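Inside the fold
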Amino acid sequence: MSIVDRQLACKPTDYKSDVKPVWCPGCGDYHVLMSFTRAFAQLGVPPEQIAVISGIGCSSRIPAYTSCYGFHGVHGRSLALAAGLKVTRPDLTVVVASGDGDGYSIGGNHFLHACRRNVDMTYVVMDNHIYGMTKGQPSPTTEPEFDTAMSPGGTGLRPFHPLVIALASGANFIARCFSGEPNQTADILLEAIKHPGFSFVEILSPCVTFRPDEKEWKNLVHPAPVAATNDPARAARRIMTDDGFNIGVLYRGDRRPYSPEICSETIDPSELEKEFEQ
Amino acid sequence: MKETPSLSVAIAGSGGAGALTVGNLLLEAASAAGWQGLLTRTVGPQIRGGEAAALLRLAAGPVESMADRFDLLIGIDWLNANRFGPEIELGPDSLVIGDPRGGEKPAVIDKAGARFVEIPMKDMAKAITDGRPNMIALGIAGKLLGMSEELLSDLLQKQLAGKGQLAIESSRAGLKAGFAAAADLVLGLRLAPPKPTSAQRWLASGNETTALGAIRGGVRFAAAYPITPATEILEWLAPNLPRVNGTLLQAEDELAAINMIIGASFGGTPSLTATSGPGLSLMIEALGLATASEIPVVVIDVMRGGPSTGIPTKSEQADLNIAIYGLHGDAPHLVLAPQSVADCLFTTQWATYLAETLQTPAIVLSDQFVGQARAAIDRPADVAFIGRRTRATEFAEGYKRYALAAGGVSPMAIPGTPGGQYTADGLTHTERGIPTSSAADHQAQLDKRQDKLQQFVYGDHWATIEGDGDLAIITWGSLTGAAREAIGRAASDGVDVALIAPRLLSPIQPEAFAAALKGKSRVLIVEQTHGAQFYHYLRAHYDLPASVRVLNRPGPLTIKPGEIHRAIMEWSA
Ligand SMILES: Cc1ncc(C[n+]2csc(CCOP(=O)(O)OP(=O)(O)O)c2C)c(N)n1
Ligand code: SF4
């Protein structure tokens, strides 16, 4: 089958693997997986041209559930791994899947630098405001008063604001989605993938096991009242003052994506040794 | 004048006095005249400023270690010279030249009882427009080493071409004044004429030959975070990788660097990072990932003094344990060590080839001594090792990325290949790459990863094995040269000693080692560590003869041939 034929035949199921997810029934991540496969089908790129990269956490299990190439790496380092892949394989579509603990806590530094570096890839964080996989410890986005075994009575800490941090660090596209709206999420993912440079999509994805209160999210989310801006200052003001449940594309930047230096004339490696010759 | 096979000279001065420039020019001139040589530098832990000395050893043939003593020491000034005094050992036959205005003559120099001559380099330089005392020192050294003034003058012209005519003129005038000042001085030693060779002459540091070896082996992507003394590898790769269609990324830290190269290698590009001890520690978790997910990567660890930040600018061999045993779980991987500046090229090229062939990470344990040494050497021979991993392209019935194939190496599908989609995983996985916690799958995959390393035939490159005798020296890495020299001296004393220096430290080679030890009743283990890590490694994995002695010392003072020779002679008396 040629690539064109395959593109015509693209269905979301073409992007799903036969591996059965281990998520709890009702976990928001099922819907995120659905959004992934829908977005890929709409993109029309065959699964072997897509790589889904992740770290560790419930959310990071996603690569194996797709029929794309995948890498389930170590905790917090998915962005670095993805950058190495994309820089050397610009022909591939690279999507990174992460959780709020994986991406903002242990992987926090890589998040800043991935935004700065602006490699053309899409970073999806399934934010459930908790560590799901390790059974309910606070994450950087957990509310200060939220009680857990590791933080009796709450952490008392101000939650991390990933979208503003992404903006300040140079992300080129910023959006927030809700996993319970898989069609809209798929549309936004598709747009994020197509947007040149580093695009960041935060998906509110409830952990029904350790945060049953998050089932309420479906009543709290609402479309962003104004259209996306390309002015970072305006975007910052909006994101800082919103209620955390605004859904939609919030910022579209136009920074030039990173691309490695290319020599106009490449040489045979044996010629490099001339430098040592006397 | 006595003819000697090797001559050692040290040029000392405060940071910025230009001692290292003099060392480099002398090495280059000697090399152009056909000699071989090794130049190391000693600087304080502050990297810039403070004291600096160029330590140069020239010889008629290959030089892979520093001499026990220096024949000539020129102090451009004596600022802070006491601090590196212990590194510049002098004897009664040595000649020391100092400037009466260069500060007080250090006590360590007085103690050696060496001949001392004063030459007012500062004043002589002042008499030249824009003159610099280090050029006077260059002239003095050139004269005493029997070099041609013309040759040095030509080199100056070449090196200062970008700095304008005045700089060239003043440097040449300084050189001339130095030659004149040393006209009546004699060193008492003359370097034996160079051994004739048809090989192309190279001037390179171990870090540079390491980088070239990686490219020759197929590396086309590097990501790293700067750290002394590995940085020159990156600085050499940065402009050179793009010339061969490759890329270098400066990562935000070592955790990113190692993960970046794993990502690039997953995509099909042979990849490398270079670091030193503190960085290697940060990379360990991801090295386990590369082992478990069977992604080839090459990590160069240019060892410095540790633990913690230790002594960044000086050498030690004390990362051996972390390189071999640092990974959590049972994680077989490759560990190799280069033995000289020239061997950095071979070992890194071979490491790249092995990593790619066996789909596993390789750690190359270089060190500050060999990494930052500049050497004049014969061009190393070409070797055919180019990394080519077995790729999967046909997928008859469902792709098993981690199939339990004979030999343990299973073909790898590269992203973009239709039908080969799989998820690489650090979790224990099935043959298809699906996470599992089954005991049988765990055992099968652990066996697979162990088998592929153990069943591979590494050939003679696994170690340097030389000589006969019932006594063998077992050493590794950059101490190999010093051991070889000590063995040579013992031979002229009528004592035969064999050398066994493994280049491949992991996986272990029990049969080859047993063969190398055949007929040996005593071994002397030589290593640059405080805790005798190499001794314990050998004890753990190999059958050693009943008689074992260990010559071990931490850095930063390197173990010299004379110490090893002494240990041999003591044991043979
Ligand atoms: C280096 C390291 N530290 C800790 C862990 C344990 N760990 C696994 S997942 C996780 C947190 C995951 O939380 P999050 O990223 O929010 O993902 P979720 O499970 O909620 O989707 C932690 C701490 C680990 N795997 N590796
Ligand atoms: S623990 Fe929470 S995040 Fe993890 S699978 Fe269950 S519901 Fe989802």
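The rules behind the values
- Residues numbered from 1 in each chain as written.
- Chains lettered and ligands numbered in written order.
- Predicted model: local features only at pLDDT ≥ 70, side-chain atom pairs only at ≥ 80, totals over all residues.
- Heavy atoms only, no water.
- Helix = DSSP H or I, 4+ residues; strand = E, 2+ residues; numbered from the N terminus.
- Rg over C-alpha atoms; globule rule 2.2 N^0.38 Å.
- Buried < 20%, exposed > 50% of the residue type's maximum accessible area, 1.4 Å probe, protein only.
- Contact = heavy atoms within 4.5 Å.
- Areas by Shrake-Rupley, 256 points an atom, 1.4 Å probe, with all protein chains shown as cover.
- Lys, Arg positive; Asp, Glu negative; His and termini not counted.
- Charge placed at Lys NZ, Arg CZ, Asp CG, Glu CD.
- pLDDT = per-residue confidence, 0-100.
- Near = heavy atom within 4 Å.
- Polar contact = N/O pair within 3.5 Å; in protein donor to acceptor, adjacent residues only side chain to side chain.
- Nonpolar A, V, L, I, M, F, W, Y, C, P; charged D, E, K, R; others polar.
- Buried area = accessible area lost by both parts, 1.4 Å probe.
- Salt bridge = Lys/Arg side-chain N within 4 Å of Asp/Glu carboxyl O.

**Thoughts on the overall build of chain B**
Within chain B one finds 19 helices and 23 strands. Here chain B has a C-alpha radius of gyration of 26 Å; the compact-globule value for 573 residues is 25 Å, and the two agree. Along the longest, intermediate and shortest principal axes, the C-alpha atoms of chain B span 85 × 60 × 45 Å. Across the 573 residues that make up chain B, the buried fraction comes to 62%. The long-range fraction of contacts in chain B, counting pairs at least 24 apart against all pairs at least 6 apart in sequence, stands at 75%. Of the roughly 20600 Å² that chain B leaves accessible, carbon and sulfur atoms contribute 52%. The positive charge centre, built from 48 side chains, and the negative charge centre, built from 57, are 4 Å apart in chain B.

**What about helix 7 (residues 162–169) of chain A?**
All names here are of chain A. By the criterion of burial, helix 7 is predominantly enclosed, with six of the eight residues buried. If you check which residues of helix 7 are buried, you get Pro162, Leu163, Val164, Ala166, Leu167 and Ser169. The inward-facing, buried residues of helix 7 abut helix 5 (100–106), helix 6 (108–117), strand 5 (173–178), strand 6 (199–204), helix 10 (232–241) and strand 8 (246–252). Downstream of helix 7 by a residue or two, glycine 170 has a phi angle that is positive, lying close to 110 degrees.

**Remarks on the confidence of the model for chain B**
A residue-level look at chain B finds 99% of positions with pLDDT of 70 or above and a mean pLDDT of 95. Model confidence for the complex is summarised by a pTM of 0.97, with the ipTM given as 0.97.

**Notes on the site of ligand 1**
The environment of ligand 1 is formed by 17 residues, the closest being Cys58, Ser59, Gly101, Asp102 and Gly132 of chain A. The residues that come close to ligand 1 belong to more than one chain, namely chains A and B. Note that an oxygen atom of ligand 1 is positioned 2.8 Å from one of the backbone N or O atoms of cysteine 58 of chain A. A distance of 3.0 Å separates an oxygen atom of ligand 1 from a polar atom in the side chain of aspartate 100 of chain A. Computed on the free molecule, ligand 1 has an accessible area of 600 Å², of which 77% lies beneath the protein chains in the complex. With four residues, helix 5 of chain A is the single largest residue contributor to the shell around ligand 1. When the residues that make up the shell around ligand 1 are grouped by side-chain class, the tally is six nonpolar, eight polar and three charged.

**Some details on the interface of chain A and chain B**
Reports of interface size often rely on the accessible area that becomes lost once the parts have come together. With 47 residues of chain A at the interface, the matching set in chain B holds 60 residues. When chain A packs against chain B, close to 4500 Å² is buried across both sides, 60% of that on carbon and sulfur atoms. Of all residues in chain A, the largest losses of buried area upon contact with chain B belong to Tyr69, Phe276 and Gln278 of chain A, amounting jointly to 19% of the total for that side. For the interface between chain A and chain B, the tally reads 26 residue pairs in polar contact (both at pLDDT 80 or more). Those elements that provide at least two residues to the side of chain A that touches chain B are helix 3 (62–65), strand 2 (69–72), helix 4 (78–88) and helix 6 of chain A.

**Section: the pattern of salt bridges**
Enumeration according to the criterion identifies 33 salt bridges over all chains in this entry. For the salt bridge of aspartate 343 of chain B with arginine 503 of chain B, the shortest nitrogen-to-oxygen distance reads 3.1 Å. You can see aspartate 343 of chain B sitting in helix 13 (residues 341–358) and its partner arginine 503 of chain B sitting in the loop between strand 20 (497–502) and strand 21 (504–506), a full 160 residues away along the chain. Assigned by exposure class, aspartate 343 of chain B and arginine 503 of chain B land together as buried. Residue arginine 379 of chain B is joined to aspartate 382 of chain B by a salt bridge in which the shortest nitrogen-to-oxygen separation is 2.9 Å. For arginine 379 of chain B, a relative accessible area of 24% corresponds to the partly exposed category. In this structure, a network of salt bridges that share partners links the residues Glu143, Arg211, Asp213 and Glu214 of chain A.

**A look at unusual backbone geometry**
Glycine aside, the phi torsion of most residues is negative, and most peptide linkages are trans. For the bond from glycine 306 of chain B to proline 307 of chain B, the omega torsion is 5 degrees, close enough to zero to count as cis. Among the secondary structure elements, proline 307 of chain B is positioned in the loop between strand 13 (297–303) and helix 12 (320–325). Look at the link from glycine 555 of chain B to proline 556 of chain B: it is a cis peptide, with omega at 0 degrees. Relative to the elements of secondary structure, proline 556 of chain B occurs in the loop between strand 23 (547–552) and helix 19 (561–572). Positioned with a positive phi, asparagine 118 of chain A is a non-glycine residue whose angle comes to about 60 degrees. Along the chain, asparagine 118 of chain A falls in the loop between helix 6 and strand 4 (122–127). Its identity as a non-glycine residue notwithstanding, serine 308 of chain B has a phi of 55 degrees, on the positive side. When you line up the elements, serine 308 of chain B lands in the loop between strand 13 and helix 12. Serine 308 of chain B sits in the exposed class, given a relative accessible area of 62%.

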